[in-house]
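Letter by letter, the chains look like this.
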Amino acid sequence: MPQSKISANAYHEATKHSYLSVQINPNYVDASTQPSAFKFYPKFYRRVKLNVNNPVHSFISLTSAITLEKEYKDSLDKLRVNPSAGALYPTEVYVQVRKIPGILDGIYHLEVENNCLTLIYELIDDGLESYIIPDKSINGFIFLISCVYYRSSWKYQNRSARYCFLDSGHHLGAIAASAYLHKKDIQLIFDFDKLGLNLALGFENKEFITACAVSGELQEKQVRPLRIKVPFVCGTDYFEANQFIEDTYQATAVQKSSEQTLKQPHFSFDKDKFLQTVLHRRSIRRFRKKSISQEDYLYIMQQLQQPIPTENHEEIDIYSVVHRVEEMSCGLYKGTHLIKTGNFSEQTGYLCINQAIAKDSAVTLFFVSDYLNYQTAMQIAGFLGQRLYLASNYLGIQCSGVGAFYDDETQELLETNKDVLYAIVIGI
Ligand SMILES: Cc1cc2nc3c(=O)[nH]c(=O)nc-3n(C[C@H](O)[C@H](O)[C@H](O)COP(=O)(O)O)c2cc1C
């Protein structure tokens, strides 16, 4: 990929939706031309079938598992623990396993459709650490999230880099949920040598690493970079390049993120109920326009306030447009602070490209930020989005991400100059 001249702000600005832009370019696609949503390495690679009764297998499997098969007239959608804009699933997961009994030390691709690990690289004295946390070795797991961007740009064109980053954040959230269920701490890492890893893993320009989640025991030890390059395998059955997306990825892969001290969240979910929530998480298609209780709403918001386990952080401001919460005035809130009173449901419906879910919700939330690193900020927004899904669904409250909104007009409603990264709705 060529050295980029694009900035994150220029990308965000150029991919804003407006009433006019959506009229001119409504993103209609011929569904029969959809690129494949699953990546497979060739048959000769060694595979480990994941057995959910084995806790290590279950930890890995639950990060990406298929949880519902939905049949349409001409297609079958395989829905997963992680949501995805347009159910296009651009994200892939790789996991390095070191010194875990019963699994050969190596780098594996998680083959989601067959619930198995494909061994793509055997470790000797080398590994992913040298690209991520030099001079350390991890006895445990290093998850990498990548995006096969054409799966999303096929439909959403230039705006799809936003969805790739948000989806990646959701996927990190799915890893965090699986780690929580398996009593493991994780640390998210956004600032590392992503470009070096893309080369080492043989991704060419067709797939790119967005984030890493580490779980295990850290040791002071030098690990060599991968001694040989992993062969290129395409994540789709066909491909069309988008230079704008590739340049945006490059530019946002090398910028430093803001910093914070690492802190772990502490949740007190009932584990069995939380597991069922993870397995049954879904996006709502239509609300019944019922109110939710204030207690439930505040509980959900509290889960969002829990620390995000990373040192590479970007601050996200959460705006809530409250339509239907018992004992709460309708209006726009920043956190719990009421900014303006009023029923803005028609407005949020309009702003989210006339989607009824943003009008009929109990609350329509907007995540905004004036980040240093856009790729990190979008992923943190997606990560919080996954938390919001799970905390809501845990209480029987429905949720959906909303990636499409009129950017400038949303900023006007929120009275902010910061970029609007993501909208998300909850309700019943
Ligand atoms: C980043 C993102 C953006 C989304 N945007 C929308 C949207 O604008 N409208 C909508 O109805 N659903 C939206 N969704 C929900 C997806 O359509 C949904 O996740 C996908 O169809 C898979 O279904 P599931 O979440 O029930 O597993 C979005 C999801 C994500 C993660």
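Since the model is a prediction, treat every value here as computed from it, not as a measurement. For every chain, the first residue of the written sequence is number 1, and numbering continues from 1 along that sequence. Only residues with pLDDT of 70 or above have their local features reported here, since the model is predicted, and side-chain atom pairs are shown and tallied only from 80 upward, although totals for entire chains, interfaces and linings are computed over all residues. Derived side-chain values reflect all non-hydrogen atoms in the structure, with water molecules and hydrogen atoms excluded from consideration.

Asker: Where do I start with unusual backbone geometry in this structure?
Answerer: Note on backbone geometry: most residues besides glycine have negative phi, and most peptide bonds are trans. One non-glycine residue, K183, lies in the positive phi region at around 55 degrees. Numbering of helices and strands runs from the N terminus; a helix is a DSSP stretch of H or I covering at least four residues, while a strand is a stretch of E covering at least two. Looking at where K183 falls in the secondary structure, it is placed in the loop between α6 (160-181) and β8 (187-189). Between buried and exposed lies partly exposed: a residue is buried under 20% and exposed over 50% of the maximum accessible area for its type, with that area taken using a 1.4 Å probe on protein chains only. Assessed through its relative accessible area of 73%, K183 is described here as exposed. A positive phi angle is found at K289, which is not glycine, with a value near 60 degrees. Along the polypeptide, K289 turns up in the loop between α9 (271-280) and α10 (294-305). Classification of K289 as partly exposed rests on a relative accessible area of 47%.

Asker: So what exactly am I meant to see when it comes to the sheet that holds strand β15 (residues 363-369) here?
Answerer: Paired through backbone hydrogen bonds, the strands of a sheet run either parallel or antiparallel to each other. At least two bridges found by DSSP between two strands are what make those strands a pair. Pairing is antiparallel across the open sheet formed by six strands, whose spatial order is β14-β13-β12-β15-β17-β16. Of all strands in the sheet, those with a lone pairing partner are β14 (337-341) and β16 (398-402), marking the two edges. Direction aside, the axes of adjacent strands within the sheet are offset by 20 degrees on average. When strand β12 (residues 317-322) meets β15, the two strands line up antiparallel, connected through six bridges. In the sheet register, S320 faces β15, and the bridge partner there is L365. Packed on one face of the sheet, α10 meets β12, β15 and β17 (419-427) and runs near 165 degrees to β12. The contact definition used throughout considers only heavy atoms, calling two residues in contact when any of these lie within 4.5 Å. Axes here refer to lines fitted to C-alpha atoms; in helices the fit is confined to the stretch in contact. Angles between the N-to-C directions go from 0 to 180 degrees. In this fold helix α14 (residues 407-414) packs onto β12, β13 (331-334), β14, β15 and β17, with an angle of close to 75 degrees to the strand it touches most, β17.

Asker: I tried to follow the nonpolar core on my own but got confused; where do I start?
Answerer: As a rule of thumb, nonpolar side chains are buried together in soluble globular proteins. Remark: nonpolar core denotes a set of buried residues (Ala, Val, Leu, Ile, Met, Phe, Trp, Tyr, Cys) joined through side-chain atoms within 4.5 Å. Counting residues in each nonpolar core, the largest one holds 108 residues, and the members touching the most others are I132, L144, F367 and I426. If you tally residues by element for this core, the top one is helix α13 (residues 374-394), at ten residues. Where each domain starts and ends follows an automatic or database-derived domain assignment. No fewer than three residues from each of domain 1 (8-254) and domain 2 (280-427) sit in this core. If sequence neighbours within four positions are ignored, L144 has contacts with E92, V93, Y94, L128, I132, F192, L197, L201, I209, A211 and C212.

Asker: What should I look at first to understand the pairing of β12 in this one?
Answerer: Residues in a regular strand point their side chains to alternate faces of the sheet. Burial runs high along β12: six of the six residues are buried. Where β12 meets β13, four bridges bridge the pair, whose relative direction is antiparallel. Within the sheet, the bridge partner assigned to Y319 lies in β13 and is K334.

Asker: What should I look at first to understand the side chain of T410 in this one?
Answerer: Mapped onto the elements of the fold, T410 is located in helix α14. Discounting residues that sit within four places of it in the chain, T410 has contacts with L351, F366, F405 and V420.

Asker: Just to check I follow, could you spell out α10 for this structure?
Answerer: Helix length check: α10 (twelve residues) gives 17 Å between terminal C-alpha atoms against 16 Å at 1.5 Å per residue, within 8%. Residues of α10 that are buried include every one of Y297, I300, M301, Q303 and L304, and no others. Viewed end-on, α10 has its buried residues packed into an arc of 155 degrees, placing them on one side of the element. Exposed side chains of α10 directed beyond 90 degrees from the buried face belong to E295 and Q305. The elements touched by buried residues of α10 are β12, β15, α13 and β17. By this rule, a helix spans an expected 1.5 Å times one less than how many residues it contains. What the arc covers is the set of directions going from the helix axis to the C-beta atoms.

Asker: I keep staring at the pattern of salt bridges and nothing clicks. Help me out?
Answerer: One side chain can pair with another of opposite charge once the charged atoms of both are near each other. A side-chain nitrogen of Lys or Arg and a carboxyl oxygen of Asp or Glu constitute a salt bridge if their distance falls within 4 Å. Per the counting criterion, the structure on display carries 18 salt bridges. Between D408 and K16 there is a salt bridge whose closest N-O contact spans 2.8 Å. Of the two residues, D408 is situated in helix α14 and K16 in the loop between α1 (8-14) and α2 (19-24); the sequence distance between them amounts to 392 residues. Taking the relative accessible area as the measure of exposure, K16 reaches 17% and is therefore buried.

Such coordinate-based values are descriptive only and should not be taken to indicate function.
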